[in-house]
Amino acid sequence: MDENKMLEQIKRAAEDVEIPEHLRPEAIDDIINTANKAKKVHRPIYQYGLAAAACLVVVASVWLGANTQKSGTKTESVQMARDTSSVDAAAPAEASESGAGSAADAKAADSPIPTPGSYEDLYEKVANAKKQQLRQVEESASDMGINYDGAAGAAEGAAGGAENSAVQSAAKYEAASDMQKEQGFSTTNLQVRAVDEGDIIKNDGQYLYIADTLDNTFQIIRADGSLMTQTAELSMTQKMDSIYEFYVTGDTLTIIGASSQASLEQNTSDDVYRTVLSNQTVAVTYDIRDRSMPSEIGSVTQDGYYETSRRNGNYLYLFTNYYKDELPAYPAQYDGYIPAVNGRLLTADCIYLPEYIQDSSYLVVSGIDLRKPDQISDAKTVVTNGQHYYASTENIYVAEEQGYGYDTNKTEILKLHYANGQITPSAVGVIRGNLNNSFSMDEYKGNLRVVTTAYDSKAQDSTNELYVLDESLNIIGEIKGLAKGEKIYSARFFGDTGYFVTYRETDPLFSVDLSDPSKPKVMGELKVTGFSNYLHFYNDHLLLGLGEETDPKTGAHLGLKLSMFDISNPENVVEVHKYVLQDYNYADALYNYKEMLIDPEKNIFGFAGYGNRKGNSVVDYLVFSYDPEKGFINRLVYGEEDNESGKLRGAYIGNTFYVIQPFGETSITSFDMNDKFTKSGTYR
């Protein structure tokens with residue numbers, strides 16, 4: 001199609017669109033005139049054909065697809081115009097319209113992490129970080145024999161670390177166990193008791209809540225034993241591009257998803273403009289007192305890709321990663337490098353700059369009072385690229401690997417204090433080595449315990465280390481030089497004792513005495529075949545491991561493995577039972593603890609297994625119990641032949657167990673746990 005025909009089609013497509021005042025020709029003239037003075041401007045463009053209308057008044061435009069790692073590219077979303085009129089680097093943060101947190105505001109003044117004196121100061125530091133980032137990426141690529149040309153792709157790839165968790169840290173056996181025992185239904189497998197986490201499947205003892213992240217829909221299913229009836233279905237297409245996860249807090253539902261916003265930007269040439277899509281995260285909250293008619297009561301937006309979230313009481317804390325491929329040509333173009341929360345740019349005193357900045361990404365954190373879900377209680381951002389997140393009941397720890405390529409041998413840990421919707425960066429520390437996942441961290445009696453794998457570039461070998469850090473993240477105790485040539489695969493802390501697994505050819509399970517934080521010491525080391533990716537306390541003397549069985553001589557994979565360790569004597573840990581699932585080679589629960597349903601009080605645990613049986617790929621939901629004499633007992637193996645999504649999740653209410661296929665054509669199959677898991681009903 002030639003250019004004239006293309007422009008004509010765009011014009012026809014835009015004829016029926018009501019153009020807002022700020023996009024009418026006279027307004028565009030003003031934009032261009034301003035651009036000639038400022039060299040670069042940003043103006044939001046909203047909803048469908050409006051962007052096409054803008055294309056008609058510029059010399060050229062280029063649609064740049066948004067990074068699709070975590071978001072789609074639709075512009076039909078919950079959006080608010082960026083309010084740049086109140087941007088004032090010297091103005092105090094207007095963080096709490098709900099009136100919360102003057103105490104937290106006072107603590108912010110005592111934060112050891114500095115804030116920039118102005119937006120211009122921030123611009124200079126971020127620009128320098130980008131240059132340094134480019135040099136490091138190029139040097140790392142050269143070390144790996146790669147001819148690197150341009151930093152945008154690699155820099156963007158370095159941004160937005162994903163929360164990849166394999167083990168759980170909780171106060172007693174597991175965070176969800178007491179709630180399940182008291183309420184008689186399964187709950188999300190949590191890191192820490194009293195700190196809720198989002199998921200794609202939840203239930204409250206009467207209803208199943210299911211988020212279909214493929215079709216972008218949300219369902220509420222009344223579940224009364226084998227009788228299952230849909231009470232409501234929400235299409236989220238008008239609200240967000242795709243669903244990430246959700247929370248149910250009593251009669252309140254909050255759905256978190258990806259959104260996007262189009263902007264008009266001028267290139268370095270004065271006469272050339274382009275439209276770009278900026279990624280946002282949106283949280284939409286509903287009143288669900290009537291489960292058949294959810295009613296929207298508020299929404300908020302936050303710039304950046306979704307990283308993770310936590311709920312403590314009535315407050316939801318949202319974490320996003322904000323990243324720009326290019327900084328604007330001039331620091332006065334604030335919305336080109338300052339993130340916005342609920343449509344307003346953060347003021348300079350809400351932006352924190354660690355002493356060492358190696359990345360130009362921002363971690364944006366906000367607190368939302370779910371009783372006022374259209375407002376932000378507080379918002380802060382730190383110039384850092386978080387990769388692993390751990391939340392206790394009072395503090396959130398964010399770990400970022402330092403360096404690029406092979407040269408990533410230390411980790412910076414950021415500590416954020418949070419309470420009543422307020423967030424205060426309170427400490428930064430650096431340790432040697434890198435974390436395996438988020439649950440290599442654990443807070444206990446004010447101290448943070450961390451296990452890492454470090455690499456010796458000269459010896460070209462690895463070693464494993466444990467650190468104890470005080471409230472200011474200063475190292476007060478350490479163990480170095482463990483299991484040389486191996487790496488940590490999982491970790492678990494229980495009071496004054498820590499357990500972690502390393503692997504090379506066999507699986508050493510180390511037990512560490514942490515009763516004296518300044519003098520941690522190894523108590524025992526158990527070597528077994530294979531390794532455990534996921535550790536979970538089954539009771540006060542049993543530790544469950546889910547991982548892989550391997551041949552100790554060849555390292556060949558032999559299937560998934562269940563291990564039960566007797567930890568009643570930490571100096572002499574024993575693997576009392578193991579169970580190898582030869583037909584399965586992978587489980588989502590190995591790397592996402594929320595994929596595991598587990599209730600030691602009810603003596604069941606379940607997960608989806610992926611493998612091959614008689615030459616055919618299979619996805620089965622597997623349920624087990626444990627007998628101290630007989631070992632692991634397989635209670636259920638259930639798969640669906642037409643499960644194109646390859647996803648299965650489990651839940652239970654009372655004595656009914658549900659296997660849920662949540663994506664596409666949602667299906668639910670129920671089983672009677674009192675009758676040997678006999679199939680009792682289906683929902684399609």
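Residues numbered from 1 in each chain as written. Predicted model: local features only at pLDDT ≥ 70, side-chain atom pairs only at ≥ 80, totals over all residues. Heavy atoms only, no water.

A. The sheet that holds strand β20 (residues 410–419), seen in detail. One open sheet accounts for four strands, arranged β18-β19-β20-β21; its pairing is antiparallel. What marks the edges here is a single partner per strand, and that holds for β18 (388–391) and β21 (422–432). Adjacent strand axes in the sheet meet at a mean angle of 20° when their direction is disregarded. Pairing geometry for β20 and β21, over 10 bridges, is antiparallel. Directly across from I413, in β21, lies its bridge partner G429. (Pairing = 2+ DSSP bridges. Helix = DSSP H or I, 4+ residues; strand = E, 2+ residues; numbered from the N terminus. Axes fitted to C-alpha atoms, helices over the stretch in contact; angles between N-to-C directions.)

B. Just the environment of R291, in detail. Structurally, R291 can be placed in the loop between β9 (273–287) and β10 (295–303). Classification of R291 by relative accessible area gives buried; the value is 9%. When the C-alpha atoms of R291 and E233 are compared, they prove to be 9.9 Å apart, with 58 residues separating the residues in sequence. Aside from chain neighbours lying at most four places away, what touches R291 is D204, Y207, Y209, I220, T231, A232, G250 and D251. (Buried < 20%, exposed > 50% of the residue type's maximum accessible area, 1.4 Å probe, protein only. Contact = heavy atoms within 4.5 Å.)

C. The arrangement of the nonpolar core in detail. In terms of nonpolar packing, the biggest core is built from 34 residues, with L122, I256, Y337 and Y362 touching the most fellow members. Elements represented by at least two residues in this core include exactly α5 (119–143), β7 (242–249), β8 (252–266), β12 (315–322), β13 (340–341) and β16 (362–369). Take this core: its biggest share by element is six residues, from α5. Ranked by size, the runner-up nonpolar core spans 33 residues in total, among them Y207, A232, I243 and A651. (Core = buried A, V, L, I, M, F, W, Y, C linked by side-chain atoms within 4.5 Å.)

D. Region of interest: the pattern of salt bridges. Within the structure shown, the criterion is met by 21 salt bridges. Note that D378 and K380 form a salt bridge whose closest N and O atoms lie 2.8 Å from each other. Each member of the pair, D378 as well as K380, carries the same accessibility label: buried. One salt bridge connects K578 with E549, and the closest N-O pair in it is separated by 2.9 Å. Taken together, the residues span a long stretch of sequence, with K578 in strand β33 (residues 574–581) and E549 in strand β31 (residues 542–550) at a distance of 29 residues. Salt bridges sharing partners connect three or more residues here, namely D199, D588, E595, K647 and R649. (Salt bridge = Lys/Arg side-chain N within 4 Å of Asp/Glu carboxyl O.)

E. Looking closely at unusual backbone geometry. Despite not being glycine, K445 shows a phi value in the positive range, around 55°. Tracing the backbone through its elements, the reader meets K445 in the loop between β22 (441–444) and β23 (447–456). With a relative accessible area of 69%, K445 lands in the exposed category. Backbone geometry at F677 places phi at a positive 60°, although glycine is not the residue there. Within the secondary structure layout, F677 lies in the loop between β41 (667–672) and β42 (678–683). Of the residues examined, F677 reaches a relative accessible area of 8% and is grouped as buried.

F. View of the sheet that holds strand β32 (residues 557–566). On the basis of which strands lie adjacent, the open sheet formed by four strands has the order β30-β31-β32-β33 and antiparallel pairing. Of all strands in the sheet, those with a lone pairing partner are β30 (531–539) and β33, marking the two edges. Looking at each pair of strands side by side, their axes are set apart by 20° on average, direction ignored. Note: β32 against β33, seven bridges, orientation antiparallel.

G. Quick peek at the environment of N474. Mapped onto the elements of the fold, N474 is located in the loop between β24 (461–469) and β25 (475–482). C-alpha separation for the pair N474 and A427, spaced 47 residues apart in sequence, amounts to 9.2 Å. Residues in contact with N474, not counting those within four places in the same chain, are V468 and L469.

H. Molecular detail of the environment of K679. In this fold, K679 is placed in strand β42. The spatial distance from the C-alpha of K679 to the C-alpha of F657 is 9.3 Å, given a sequence separation of 22 residues. If sequence neighbours within four positions are ignored, K679 has contacts with T669, S670 and F671.

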